[in-house]
Amino acid sequence: MVSEGPKESCGVFGVFGQDTAAKLTYFGLYALQHRGQESCGIVTSTGRTIHEHKGMGLVPEVFDEQTLNQLPGHTAIGHVRYSTTGSSIAKNAQPFVVSHGEMTLAIGHNGNLTNAKQLRRDLEKRGSIFQTTMDSEIIVHLLARNLQAGIEDALVTAVSKIEGAFSCILMTENKLIAFRDSKGFRPLCLGILNGGYVVASETCALDLVDAQYLRDIEPGEILIINEDGLRSLKPFSEARHSYCIFEYIYFARPDSNIYGQNVYSVRKRLGTQLAKEHPIEADLVMPFPDSGNYAAIGYCQGLGIPLAMGVIRNHYVGRTFIEPTQSMRDFGVKVKLNPVREILNQKRVVIVEDSIIRGTTSKMRIKALREAGAKEVHMVVSCPPHRYPCYYGIDFSTKGELIACQHSVGEVQSYIGLDSLGYLSLPGMVDSTGYDRDRFCLACFNGEYPVEPPDDISKLCLEH
Ligand code: SF4
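Residues numbered from 1 in each chain as written. Predicted model: local features only at pLDDT ≥ 70, side-chain atom pairs only at ≥ 80, totals over all residues. Heavy atoms only, no water.

### Here we look at the packing of helix α4 (residues 116-125) against helix α5 (residues 136-145)
Then comes step 1: Two elements in contact, α4 and α5, have axes separated by 10 Å at closest approach and are oriented at 45 degrees. Taken together, the axes of α4 and α5 lie oblique to each other. When you trace α4 past α5, the crossing you get is left-handed. Along the contact surface, α4 presents A116, L119, R120 and L123, while α5 presents I138, H141, L142 and R145.
Then comes step 2: When the residues that make up the contact of α4 with α5 are grouped by side-chain class, the tally is 5 nonpolar, 1 polar and 2 charged. (Axes fitted to C-alpha atoms, helices over the stretch in contact; angles between N-to-C directions. Helix = DSSP H or I, 4+ residues; strand = E, 2+ residues; numbered from the N terminus. Parallel < 35°, antiparallel > 145°, perpendicular 65-115°, else oblique. Left-handed = near helix turned anticlockwise from the far one by under 90°. Contact = heavy atoms within 4.5 Å. Nonpolar A, V, L, I, M, F, W, Y, C, P; charged D, E, K, R; others polar.)

Written as structure tokens, this is what we have:
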């Protein structure tokens with residue numbers, strides 16, 4: 001199957017103070033499945049004992065009624081993973097659980113540590129033995145080294161050593177702790193449910209379990225949840241925030257509120273801004289479901305051009321399928337998105353996309369539209385060209401993976417086979433969020449990295 005676009009690193013979910021903690025976490029992970037589809041896991045605590053179940057695959061593939069019944073306890077954390085550091089293998093599934101002395105710890109991590117390689121090397125020199133190739137395990141080893149000072153002080157020490165992007169949940173037998181890097185790259189929010197608490201990567205997960213949103217975990221905050229309630233530590237000096245703007249454009253679910261703004265509304269405004277910057281005379285506007293849907297609504301409303309669904313998505317396509325016969329051309333594209341000739345024939349079409357990463361998928365899709373009779377095919381993209389890799393938890397971590405890094409807009413246009421191609425400007429993208437530019441990480445667009453990445457960072461850098 002063709003690669004479809006950038007992948008998020010992970011999603012986390014945690015519950016404290018609910019008898020059905022495992023089941024609530026299962027539903028929470030269901031809501032966060034878009035953030036990671038390779039593996040998932042749930043770890044629970046009864047207050048005395050820890051129970052875990054993890055596996056490769058989607059949430060409903062890994063869990064059923066029976067496995068959930070074997071996860072007792074009133075506290076739980078869960079994780080869905082797409083690997084950005086370490087291979088996609090069972091031992092790298094999270095939450096990662098480790099016992100140290102009297103205590104058992106479980107951790108779920110969303111983001112990427114930029115100093116992982118150096119930290120791991122130092123820890124190994126001092127005798128640490130790693131079980132996985134994930135950067136997240138480093139946090140646990142740093143914690144273990146200082147546990148004699150107590151979990152909270154140990155965590156402050158560990159967090160002061162790690163750099164990069166991390167929105168994490170940590171569980172001990174009787175505590176749930178949520179913490180977020182001081183730049184706040186990845187989202188993390190807090191909700192309340194029947195007197196207990198819920199922590200999640202996105203608010204859509206709170207909605208599904210009927211939890212009420214309280215607030216975001218603040219950048220640099222360590223939030224401790226136990227039987228006495230909530231306690232917030234802010235041991236680090238304030239840093240300039242660097243929220244990942246790409247959460248708004250692509251990653252987060254449109255029904256989530258991220259950094260205080262509804263994602264659907266931001267995406268629609270991105271489309272309205274695109275209409276101002278790149279107005280095109282056309283017969284219809286369409287997204288490729290489900291990538292540019294909401295920006296497409298904003299774009300066509302801005303220009304008064306009708307929105308049409310010129311390709312139909314098959315919702316039942318799995319992640320792998322049996323190789324088609326030679327005569328079935330472009331099978332990989334058509335099995336998922338089939339163009340509707342009656343809508344496209346002899347039409348001037350504008351595609352609204354949320355991003356172009358490698359360009360290969362777009363190229364095949366545009367070819368299919370032309371074969372279905374489209375007279376002109378234009379594309380507008382609701383963000384600027386991706387010219388720089390991301391080191392903070394997204395899977396385009398080398399320049400070679402980014403078509404706009406190697407080629408001009410004109411070259412990308414002719415490679416994909418378009419009549420025109422327009423990207424949203426960087427100021428236009430930022431304005432559409434309703435926030436100032438200095439609140440965001442924009443590194444994959446402008447190369448200004450909020451945390452300097454080392455030269456040798458890569459997905460498999462801890463495996464060599
Ligand atoms: S580099 Fe891009 S994708 Fe990565 S955190 Fe920054 S804005 Fe997000």
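### Examining the nonpolar core
Then comes step 1: Core analysis: the largest hydrophobic core is formed by 73 residues, its most contacted members being L369 and M429.
Then comes step 2: Of the residues forming this core, the biggest block, 5 residues, is contributed by helix α9 (residues 263-277).
Then comes step 3: What L369 contacts, discounting residues up to four positions off in sequence, is M286, F288, V311, P339, L344, I351, A374 and V377.
Then comes step 4: One finds L113, V140, I151 and I162 within the second-largest nonpolar core, a separate group that totals 30 residues. (Core = buried A, V, L, I, M, F, W, Y, C linked by side-chain atoms within 4.5 Å. Buried < 20%, exposed > 50% of the residue type's maximum accessible area, 1.4 Å probe, protein only.)

### Remarks on the sheet that holds strand β22 (residues 420-423)
Then comes step 1: Taken together, 4 strands build an open sheet; the order of strands is β17-β20-β21-β22 and the sheet is parallel. On the outer flanks of this sheet lie β17 (284-287) and β22, each paired with one strand and no other. Pairs of neighbouring strands in the sheet enclose a mean axial angle of 20 degrees, with direction left out of account.
Then comes step 2: Running at roughly 125 degrees to β22, α9 makes contact with β20 (348-353), β21 (376-381) and β22 of the sheet. (Pairing = 2+ DSSP bridges.)

### What to know about the site of the ligand
Then comes step 1: All residues adjacent to the ligand are R186, C244, I245, F246, C390, Y392, I394, C441, A443 and C444.
Then comes step 2: Classifying every residue of the shell around the ligand by side-chain character gives 9 nonpolar, no polar and 1 charged. (Near = heavy atom within 4 Å.)

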